[in-house]
Amino acid sequence: MSTLFLNATSAMSADATALSRITNGDPIAITFFIGYMAMLASAVFFFFERGSVDPKWKISLLVSGLITGIAAVHYYYMRDFYLATGQSPTAFRYVDWTLTVPLMCVEFYLLTKPFGAKSSTLFKLIIGSLAMLIFGFIGETSGIDNNIMWGVLSTLGYLYIVYEVFAGDIARLTKESNSPALANAMFLLKIFITLGWSIYPIGYMVLPGNLLSGMFEVSSIDLFYNVADAINKIGFGLVIYSVAIAETAKAKKA
Ligand SMILES: *C/C=C(C)/C=C/C=C(C)/C=C/C1=C(C)CCCC1(C)C
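In this text the structure is predicted, and so the values were computed from the model without any measurement.

Reading the values: rules and limits
- Chains are numbered independently. Their residues run from 1 in the order of the written sequence.
- Local features in this predicted model are restricted to residues whose pLDDT is 70 or higher, and side-chain atom pairs enter the listing and the counts only when it is 80 or higher, whereas totals over whole chains, interfaces and linings include all residues.
- Note: side-chain values were computed over all heavy atoms of the structure, leaving out hydrogens and water.
- For this description, a residue counts as near a given molecule or strand if any of its non-hydrogen atoms is within 4 Å of it.
- Using the Shrake-Rupley algorithm and a 1.4 Å probe, accessible areas are obtained, with residue cover drawn only from the displayed protein chains.
- A run of DSSP states H or I qualifies as a helix once it reaches four residues; a run of E qualifies as a strand once it reaches two. Both are numbered from the N-terminal end.
- Only Asp, Glu, Lys and Arg are considered charged, only Ala, Val, Leu, Ile, Met, Phe, Trp, Tyr, Cys and Pro nonpolar, and every remaining residue, Gly among them, polar.
- For a helix, the expected span equals 1.5 Å multiplied by the number of residues minus one.
- Classification of ring pairs rests on two measures: the distance between centres of Phe, Tyr or Trp rings, Trp counted by its six-membered ring, which must be within 6.5 Å, and the angle between planes, read as stacked under 30 degrees, edge-to-face over 60 and tilted in between.
- Buried means the residue's accessible area, taken with a 1.4 Å probe over protein chains only, is under 20% of the maximum for its type, while exposed means over 50%, and partly exposed covers the values in between.
- Only Lys NZ and Arg CZ are tested; either one counts as a charge over a ring when it is within 6 Å of the ring centre and within 35 degrees of the ring normal.
- Take the buried Ala, Val, Leu, Ile, Met, Phe, Trp, Tyr and Cys residues and link them wherever side-chain atoms come within 4.5 Å; each set so joined is a nonpolar core.
- Here, residues are in contact when the closest pair of their heavy atoms is within 4.5 Å.
- Any pair of nitrogen or oxygen atoms within 3.5 Å is treated as a polar contact; in protein, a donor-acceptor pairing is required on top of that, and neighbouring residues in sequence qualify only through side-chain atoms on both sides.
- Only one rule defines a salt bridge in this text: a Lys or Arg side-chain nitrogen within 4 Å of an Asp or Glu carboxyl oxygen.

**Student:** Which parts of the structure should I look at to understand the site of the ligand?
**Tutor:** Near the ligand there are 18 residues, and of these Trp97, Met132, Ser154, Tyr200 and Lys233 occur at the shortest range. If the ligand stood free it would expose 530 Å²; the protein chains cover 100% of that surface. Mapped onto the shell around the ligand, the elements with two or more residues apiece are helix H5 (90-112), helix H6 (119-141), helix H7 (147-166), helix H9 (180-204) and helix H10 (221-253). Along the lines of polarity and charge, the residues of the shell around the ligand split into 11 nonpolar, 5 polar and 2 charged.

Next comes the structure, spelled out in structure tokens:
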């Protein structure tokens, strides 16, 4: 099949060479393709399922749809960029994260809002996430010398978010809510932001000059990021979806 494509016009043969990366089993190219489809399918799913939950859950599902939808569009471009150049689409990646990570903070806010979350809580989470992303971006693009330092600064932003969820405002509101549904959702979301999110700094450490450099190829950073994005964006949305469905069923019975 790929030879057939290669014999087509020269314009097409550039595409076919890029595409043959997939048939030749380039795992990074494959995860860009699967990531794109999975994000798109999830966005459609969350948008449609908005209709089957209690009104108070609709915004949460909308935000889950936006997170995966925004990621789908970025994966579309990142996939093409990677196929055309063989390089990491770092700028697209960070534009995606700058939109989607604050939206994940919004999810934490929406879950705890019925129990008194204030916009200052949301603001703190967003500041933490922006610090994490801005320092991470500088670290990835400013060369070999200081990427450990920028990575450490970025990790402080990350740890701040973890702190807010485990011991700060979000933890306090969850405890005060006396809601088993919220406690369950938080339990799962905590696993996502610790285990799931920790894949990203591990990926970052394959950069030259960093702690895991040489153990993996530099380009495998995208493998880490693509797998982590699928787990975190889709999984996070599904946790919220399952709580919404369970609570909707309870509300109907009552
Ligand atoms: C949907 C995208 C998500 C959930 C992205 C999360 C990204 C991170 C948790 C990134 C963290 C980083 C560090 C903690 C240090 C090194 C630099 C980063 C930006 C990779």
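**Student:** Please explain helix H4 (residues 58-85) as it appears in this structure.
**Tutor:** Helical geometry: 3.6 residues make up each α-helical turn, so side chains three or four residues apart lie on a common side. Relative to the 40 Å expected for 28 residues at 1.5 Å per residue, H4 spans 40 Å between its end C-alpha atoms, a close match to the ideal helical length. Glycine 86 sits one or two residues past H4 and shows a positive phi near 75 degrees.

**Student:** What should I look at first to understand the packing of aromatic side chains in this one?
**Tutor:** A full pass over the atoms with the stated rule returns 19 aromatic pairs. Note on tryptophan 97 and tyrosine 200: the rings are 5.1 Å apart at their centroids and 85 degrees apart in plane angle, and the pair reads as edge-to-face. Linking tryptophan 97 in helix H5 with tyrosine 200 in helix H9, this pair joins segments that are 103 residues apart in sequence. Comparing tryptophan 97 with tyrosine 200, the two get one shared label, buried. By way of ring pairs, the aromatic residues Tyr36, Tyr76, Tyr77, Phe81 and Phe92 are connected into one cluster. A cation over a ring is seen here: arginine 79 above phenylalanine 33, with NZ or CZ 4.6 Å from the ring centre.

**Student:** Help me understand the nonpolar core, please; the structure alone is not making it clear to me.
**Tutor:** In summary, soluble globular proteins display a tendency toward joint burial of nonpolar side chains. Ranked by internal contacts, the top residues of the largest apolar core, which has 52 residues, are Phe108, Trp197 and Phe236. Elements supplying a minimum of two residues to this core: H4, H5, H6, H7, helix H8 (169-177), H9 and H10. The residues contacting phenylalanine 108, other than those within four sequence positions of it, are Leu125, Val165, Ile170, Met186, Leu189, Ile193 and Phe236. Ala29, Ala72, Met78 and Ile234 belong to the second largest nonpolar core, which has 13 residues in total.

**Student:** Could you clarify how one ought to interpret H6 in this entry?
**Tutor:** Its 23 residues give H6 an end-to-end C-alpha distance of 33 Å, which sits within 8% of 33 Å, the value for a rise of 1.5 Å per residue. In this fold, the buried residues of H6 make contact with H5, H7, H8, H9 and H10. Once H6 finishes, glycine 143 follows within two positions and takes phi at roughly 95 degrees, a positive value.

**Student:** Got a minute to help me understand the environment of phenylalanine 137 in this structure?
**Tutor:** Within the secondary structure layout, phenylalanine 137 lies in helix H6. Phenylalanine 137 sits 10 residues away from asparagine 147 along the chain, and the two C-alpha atoms are 9.7 Å apart. When near neighbours in sequence (up to four residues on either side) are disregarded, phenylalanine 137 contacts Thr90, Ala91 and Tyr94.

**Student:** Where do I start with the side chain of aspartate 26 in this structure?
**Tutor:** With respect to the helices and strands, aspartate 26 occurs in the loop between helix H2 (10-23) and helix H3 (27-49). Residue classification places aspartate 26 among the buried residues on the basis of a relative accessible area of 15%. Looking at aspartate 26, its side chain comes within polar contact range of the main-chain nitrogen of isoleucine 28, at 2.8 Å. Apart from the residues within four sequence positions on either side, aspartate 26 is in contact with Arg21 and Tyr82.

**Student:** In this structure, what is going on with the pattern of salt bridges? I would like to understand it.
**Tutor:** Pairs can form between side chains of opposite charge whenever their charged atoms are close. Overall, the coordinates contain 10 salt bridges when judged by the stated rule. Close ionic contact of lysine 56 with aspartate 54 constitutes a salt bridge, the shortest N to O distance being 4.0 Å. The exposed category is assigned to lysine 56, whose relative accessible area is 59%. The closest approach of N and O atoms between aspartate 222 and arginine 93, which form a salt bridge, is 2.7 Å. On the criterion of sequence distance, the pair formed by aspartate 222 in helix H10 and arginine 93 in helix H5 is long-range, its members being 129 residues apart. When salt bridges with common partners are traced through the structure, they connect Lys124, Glu164, Asp169, Arg172 and Glu176 into a single cluster.

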